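If you want the building blocks of each chain, they are given just below.
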Amino acid sequence: MENQTYMNGFLLLPFYAKSNYLLSTLCVFFFLYIFGVLTNAIIITVIYNDDQLHTPMYLFLCNLSLVDICYTTTTVPNLLYILLSGDNTVSFMQCFTQMYFYFLADSSEIYLIFIMAYDRYVAICDPLHYHTILNRKHCLLLASGTWISASLNSFVLTIPASHMSFCQSRTIHQFFCDAKALINISCAGSEDFYTIIYLEVLIYGTFPIMFCLNSYIKIIKVILQIKSKEGRKKAFSTCSSHLTIVIMYFMTALFLYMMPPSECSDVLEPVFSVLYSVVTPMINPLIYSLRNKDVKSALLRILRPGV
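Residues numbered from 1 in each chain as written. Predicted model: local features only at pLDDT ≥ 70, side-chain atom pairs only at ≥ 80, totals over all residues. Heavy atoms only, no water.

**Student:** What am I meant to see in helix α3 (residues 56-85) here?
**Tutor:** Along an α-helix, residues three or four apart share an orientation, since each turn contains 3.6 residues. Here α3 is 30 residues long and its end C-alpha atoms lie 44 Å apart, about the 44 Å a rise of 1.5 Å per residue gives. The sharpest bend along α3 reaches about 30° and sits at Thr-73, with the proline Pro-77 one to four residues further on. Burial runs high along α3: 21 of the 30 residues are buried. Backbone geometry just downstream of α3 places Gly-86 in the positive-phi region, at approximately 80°. (Helix = DSSP H or I, 4+ residues; strand = E, 2+ residues; numbered from the N terminus. Expected span 1.5 Å × (residues − 1). Bend = angle between axes of the 7 residues up to and from the residue. Buried < 20%, exposed > 50% of the residue type's maximum accessible area, 1.4 Å probe, protein only.)

**Student:** In this structure, what is going on with the environment of Glu-269? I would like to understand it.
**Tutor:** Following the sequence through the fold, Glu-269 ends up in helix α10 (residues 265-290). Its relative accessible area of 7% is what places Glu-269 among the buried residues. Counting along the chain gives 89 residues from Glu-269 to Lys-180, while the straight-line C-alpha distance between them is 9.6 Å.

**Student:** I tried to follow the nonpolar core on my own but got confused; where do I start?
**Tutor:** The nonpolar side chains of a soluble globular protein tend to be buried, and buried together. Core analysis: the largest hydrophobic core is formed by 49 residues, its most contacted members being Ile-47, Tyr-58, Leu-61, Leu-64, Tyr-71, Ile-113 and Tyr-249. For this core, the elements supplying multiple residues, two or more each, are α2 (22-49), α3, α4 (92-125), α9 (229-258), α10 and α11 (293-303). Take this core: its biggest share by element is twelve residues, from α3. Residues within four places of Ile-47 in sequence aside, it is in contact with Leu-53, His-54, Tyr-58, Leu-61 and Cys-62. Within the second largest apolar cluster, 21 residues are counted, among which are Ile-82, Leu-157, Cys-177 and Leu-182. (Core = buried A, V, L, I, M, F, W, Y, C linked by side-chain atoms within 4.5 Å. Contact = heavy atoms within 4.5 Å.)

**Student:** Would you mind going over the packing of α2 against α3 with me for this structure?
**Tutor:** The angle between the axes and the distance between the axes are what describe a pair of packed helices. Contact geometry of α2 with α3 gives a least axis separation of 9 Å together with a crossing angle of 160°. For the element pair α2 / α3, the angle class is roughly antiparallel. Judged by the sense of rotation from one axis to the other, the crossing of α2 with α3 is left-handed. Across the contact of α2 with α3, the residue classes tally to 21 nonpolar, five polar and one charged. (Axes fitted to C-alpha atoms, helices over the stretch in contact; angles between N-to-C directions. Parallel < 35°, antiparallel > 145°, perpendicular 65-115°, else oblique. Left-handed = near helix turned anticlockwise from the far one by under 90°. Nonpolar A, V, L, I, M, F, W, Y, C, P; charged D, E, K, R; others polar.)

**Student:** Sorry if this is basic, but what is going on with the sheet that holds strand β1 (residues 9-12) here?
**Tutor:** The strands that make up a sheet are held in pairs by hydrogen bonds between backbone atoms, and each pair lies either parallel or antiparallel. Strand order in the open sheet made by the three strands is β2-β1-β3, with mixed pairing throughout. On the outer flanks of this sheet lie β2 (89-91) and β3 (171-172), each paired with one strand and no other. With three bridges joining them, β1 and β2 adopt antiparallel strand pairing. Each bridged residue has a counterpart across the sheet, and for Phe-10 the counterpart in β2 is Val-90. Strands in contact with α4 are β1, β2 and β3; relative to β2, the strand with the most contacts, it is inclined by about 80°. (Pairing = 2+ DSSP bridges.)

**Student:** Looking at this structure, how should I read a positive patch on the surface?
**Tutor:** A cluster of like positive charges, contributed by Lys-229, Lys-233, Lys-234, Lys-293 and Lys-296, occupies part of the molecular surface. Secondary-structure elements contributing two or more residues to the positive patch are α9 and α11. Topologically, Lys-296 is positioned in helix α11. (Patch = residues over 30% accessible without salt bridge, like charges linked within 9 Å, V, L, I, M, F, W, Y side chains within 5 Å. Areas by Shrake-Rupley, 256 points an atom, 1.4 Å probe, with all protein chains shown as cover. Salt bridge = Lys/Arg side-chain N within 4 Å of Asp/Glu carboxyl O. Lys, Arg positive; Asp, Glu negative; His and termini not counted. Charge placed at Lys NZ, Arg CZ, Asp CG, Glu CD.)

**Student:** Any chance you could explain the state of the cysteines here in plain terms?
**Tutor:** Each disulfide consists of one covalent bond between the sulfur atoms belonging to two cysteines. Taken as a whole, this structure holds one disulfide when the rule is applied. A disulfide bridge connects Cys-95 with Cys-177, and the sulfur atoms are separated by 2.1 Å. Classification of the bridge connecting Cys-95 and Cys-177 rests on its S-S torsion, roughly -130°, and on that basis the disulfide is left-handed. Pair noted here: Cys-95 is in helix α4 and Cys-177 is in the loop between β3 and α7 (179-185), with a separation of 82 residues, a long-range link. On the basis of relative accessible area, Cys-177 is assigned to the buried category, the value being 1%. (Disulfide = S-S within 2.5 Å.)

**Student:** Please explain the packing of aromatic side chains as it appears in this structure.
**Tutor:** Any two aromatic rings considered together are summarised by their centre-to-centre distance and by the angle between their planes. All chains considered together, the criterion is met by twelve aromatic pairs. With 6.1 Å between their ring centres and 45° between their planes, Phe-29 and Phe-175 make a pair best called tilted. A residue pair is termed long-range when its members are at least 10 positions apart, and Phe-29 in helix α2 and Phe-175 in the loop between β3 and α7 qualify at 146 residues. Residue classification places Phe-29 among the buried positions, given a relative accessible area of 5%. (Phe/Tyr/Trp six-rings, centres within 6.5 Å; stacked < 30°, edge-to-face > 60°.)

**Student:** So what exactly am I meant to see when it comes to a nonpolar patch on the surface here?
**Tutor:** The grouping of Ile-42, Leu-299, Leu-300 and Leu-303 at the surface amounts to a nonpolar patch, some 350 Å² of accessible area in total. Positionally, Ile-42 belongs in helix α2. Take Ile-42: its relative accessible area is 41%, and that puts it in the partly exposed class.

**Student:** Explain the packing of α3 against α4 here, please?
**Tutor:** It is at 9 Å that the axes of α3 and α4 come closest, and there the two elements cross at 160°. Judged by the inter-axis angle, α3 sits roughly antiparallel to α4. Two packed elements cross with a definite hand, and for α3 against α4 that hand is left-handed.

The structure is reproduced here in structure tokens:
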């Protein structure tokens, strides 16, 4: 009977399904989702309404907040529906549509982290040419190019994933349609997808990490050459928020996708997925707002106009 229920789709079986705390899980994920959307929406609103924040760095930050909203909206609402209804089934169309938008948000996040690292590099290592290199036209091209290239990249990833065959189990041990979880239950067609994934890791994983690492090595060298202690502190504060996000994002991705199979994989993988796709997007705006005086000042000007 259960096989007939999802013979034309999949059965999502995340870690919470093994516990009796569904109500608590529902409340936690609902809070994480609402809090993440609100904080990112506040960042977008503050940047949009404050002319002093209409600079390249905050344009990219605004896009990052939009991506983070997409990240959580792609996975959490469906999870909340499953918790409320008890219906764990998902059709093939729903599964791969969710996967497409998840890859879209993931690709956009990588591109934006890459661009924001370049922004900080130019701002600190070549400040005299900053507004020439990152003028309004170039910034708009980079922002629009991020979404277009992420859409194409997501399409390239989703199509071969949808061509995989699932002969026996169609139970996905995740809270959403994750590519790695689908590979674990596929019986054919995963070879082409693996080839694309290896290319993705090389182009969109290794290269951005190496570029970010190289950029921050040069940034730190420039900062250490600043004679004034106050100057060094100010220079480092302009890139510390982004550096924190880079570390968080790539570390959680490393644990999630490079973790070898084990008896605990069914529990650990969903946990790291939550950290990667729900908690990190929620924390990103907090890191920028709490560590950025410009954002905090702009927020106060909105909350207390005329003060």
